[in-house]
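Coordinates in review
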Amino acid sequence: MLTFQRFLPFLRWFPMSGETIRADLIAGITVALVLIPQSMAYAQLAGLPTYYGLYAAFLPVMIAALWGSSSQLGTGPVAVVSLLTATAVAQFAEIGSPEFISLAIMLAFLVGAFQFLLGVFRLGVIVNFLSHPVIVGFTNAAALIIAFSQLSQILGVPMPRSEHFLVDVWDVVMQMGGTHIPTLLFGLTAFAIMWFLKKKYPKVPRVLIAVVATILVSWVIGFQEMGGKIVGKIQEGLPSFAMPTFNMTIFWEMVISAMVISLIGFIEAISIAKAMATKTKEHIDPNQELIGQGLANIIGSMTQAYPASGSFSRSAVNLNAGAKTGMSSVYTAVIVMITLLFLTPLLSHLPKAVLAAVIMMAVLEFINFKAIKDAWQISKHDGIAAIVTFVATLGFAPHLEKGILLGAGLAILPHRRT
């Protein structure tokens, strides 16, 4: 049995009691209510049509749970990996173009292959070269970049894309006089709904409620006819199964981006899994988690998904909703499948400003300047590494990998603890 569990780790879930089945089903449905609107928002962040977020929320969610080591880790589209995907692929193709989509899917395969190989050869310790201060600096900068990148969607003005992200943001600020007021109102309303529910009723699916409410209002008032941007027609049905198309001209350049995304995505996932394990007392195997995340991205790429990773917010929802085993994620994937098959027409009137609000609300959790201060107080060298990573990531944006590589290089330099 132990031999089988090594290759089929989900066997540890069985046999299940009726209580476990009920708990996992409730948790799975609860997570799906958060995942569906979030995945569409993160696809927008990645520069992809919104339904590609649903593709990444389908099989990757299930596969990661079946072959991972954490019973509560919720995999799928996440903010940082979505942003990294956009910045990696935008160097070679116009955002949203068929070539861009094809490269994003190829990137998912490369990310998955790298993670899978690290897991198979038990090299999970390699992630240790990205120290905690570097991750803290990068995460804070990435959260700000993600939030600022959605400002144009909230205001209803265009955002240029150049080699200097901060200049692009300033261009958006200078256009504030041309703000599309109905778009701004939808964004602010979505913010208000999610913020109020988070404070007063934290257990209700605030993202879903904000999305449903704004879809209804958008449809009733004819928001699209007022010049507002909506999601529009979403392709119905399940994604086709096929190997990704490999562009060998830029293959090796994409490999570098894939390695960076693999490590950052896995660090996010394993950190979440270990944090939950302190409560559940579950043993987390980093190498098995790498295999699970790797297979999720490999199989995902064969069903038109872009890179996925573990989600802090959805994992917390899963745990708090009472999930006992990874079967809760299987139930979540089934709900997403039903949505793809039958419910996508209901989402067509969703304002893009609302998706932007969902993204901005989600990344607020990652802004933690106190962690940088704490790193400085513990060790001046660690503090400098965190600050340099933060500043470099902002300065080099949209090339985020340069910031984290600079910080990682600084962190491993010999130093004397203070």
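Up top you'll find the structure we're talking about.
Notes on the structure in this doc start here. (Residues numbered from 1 in each chain as written. Predicted model: local features only at pLDDT ≥ 70, side-chain atom pairs only at ≥ 80, totals over all residues. Heavy atoms only, no water.)

**Side note on the side chain of Gln72**
Defined as follows: For helices the rule is a DSSP run of H or I covering at least 4 residues; for strands it is a run of E covering at least 2, with both sets numbered from the N terminus onward. Classification of residues uses two cut-offs on accessible area relative to the type maximum, computed with a 1.4 Å probe and protein chains only: under 20% is buried, over 50% is exposed, and between them is partly exposed. The contact rule is simple, with two residues in contact once any of their heavy atoms fall within 4.5 Å.
With respect to the secondary-structure elements, Gln72 resides in the loop between helix H4 (59-67) and strand E1 (74-76). Classification of Gln72 as buried rests on a relative accessible area of 4%. Ignoring anything within four residues of it in the chain, the contact list for Gln72 reads Met276, Thr280, Glu282, Ser315, Asn318, Leu319, Ala323 and Lys324.

**Side note on the environment of Leu73**
By the element assignment, Leu73 lies in the loop between H4 and E1. Sequence separation of Leu73 and Ser311 is 238 residues, and the distance between their C-alpha atoms is 7.4 Å. Among residues more than four places away in sequence, those in contact with Leu73 are Ala269, Ile272, Ala273, Met276, Glu289, Gln293, Gly310, Ser315 and Ser329.

**Some details on the side chain of Ser262**
We apply this condition: Nitrogen and oxygen atoms within 3.5 Å of one another constitute a polar contact, given that in protein one can donate a hydrogen and the other can accept it, and given that sequence-neighbouring residues count only through two side-chain atoms.
Among the structural elements, Ser262 can be located in helix H12 (residues 251-280). A relative accessible area of 1% means that Ser262 is categorised as buried. In this structure the side chain of Ser262 is engaged in a polar contact, spanning 3.2 Å, whose partner is the backbone oxygen of Val111. If sequence neighbours within four positions are ignored, Ser262 has contacts with Val111, Phe114 and Gln115.

**Some details on the environment of Ser313**
As for its placement among the helices and strands, Ser313 is situated in helix H14 (residues 312-320). Residues Ser313 and Val78 lie 235 residues apart in sequence; the distance between their C-alpha atoms is 9.5 Å. Not counting residues within four places of it along the chain, the set of residues in contact with Ser313 comprises Gln38 and Glu365.

**Considerations on a nonpolar patch on the surface**
Rules: Each patch is built from residues that are more than 30% exposed by relative accessible area and take part in no salt bridge. Like charges join if they lie within 9 Å; nonpolar side chains (Val, Leu, Ile, Met, Phe, Trp, Tyr) join within 5 Å. What sets the accessible areas is the Shrake-Rupley method with a 1.4 Å probe; for residues, cover comes only from the shown protein chains. Each salt bridge in this description consists of a side-chain nitrogen of Lys or Arg and a carboxyl oxygen of Asp or Glu lying within 4 Å of one another.
Taken together, the side chains of Val212, Leu216, Val217, Trp219, Val220, Ile221 and Met226 present a nonpolar region at the surface, about 690 Å² in accessible area. By secondary structure assignment, the location of Leu216 is in helix H11 (residues 206-221).

**Observations regarding the pattern of salt bridges**
For the structure shown, the criterion picks out two salt bridges. Note that Arg122 is salt-bridged to Asp285, the shortest N-O span being 3.9 Å. With a gap of 163 residues between them, Arg122 in the loop between helix H6 (98-120) and helix H7 (132-149) and Asp285 in the loop between H12 and helix H13 (286-301) connect regions that are remote in the sequence. Residue class for Arg122 comes out exposed when judged on its relative accessible area of 53%.

**So, helix H5 (residues 79-89)**
The buried count for H5 comes to eleven of eleven residues, which makes it a mostly enclosed element. Every buried residue of H5 is listed here: Ala79, Val80, Val81, Ser82, Leu83, Leu84, Thr85, Ala86, Thr87, Ala88 and Val89.

**A few points about unusual backbone geometry**
As a rule of thumb, non-glycine residues mostly have phi less than zero, and peptide bonds are mostly trans rather than cis. The omega torsion of the bond from Phe14 to Pro15 falls at -5°, within 30 degrees of zero and hence cis. Examined against the element boundaries, Pro15 turns out to sit in the loop between helix H1 (2-7) and helix H2 (18-45). The omega torsion of the bond from Ala397 to Pro398 falls at 15°, within 30 degrees of zero and hence cis. Positionally, Pro398 belongs in the loop between helix H18 (380-396) and helix H19 (400-411).

**Regarding H12**
Put simply, the rule is: A helix is expected to reach a length of 1.5 Å times the quantity of its residues less one.
If you check H12, its first and last C-alpha atoms are 41 Å apart, about what 30 residues at 1.5 Å a residue would give, namely 44 Å. A positive phi of about 65° marks Lys281, the residue just after H12.

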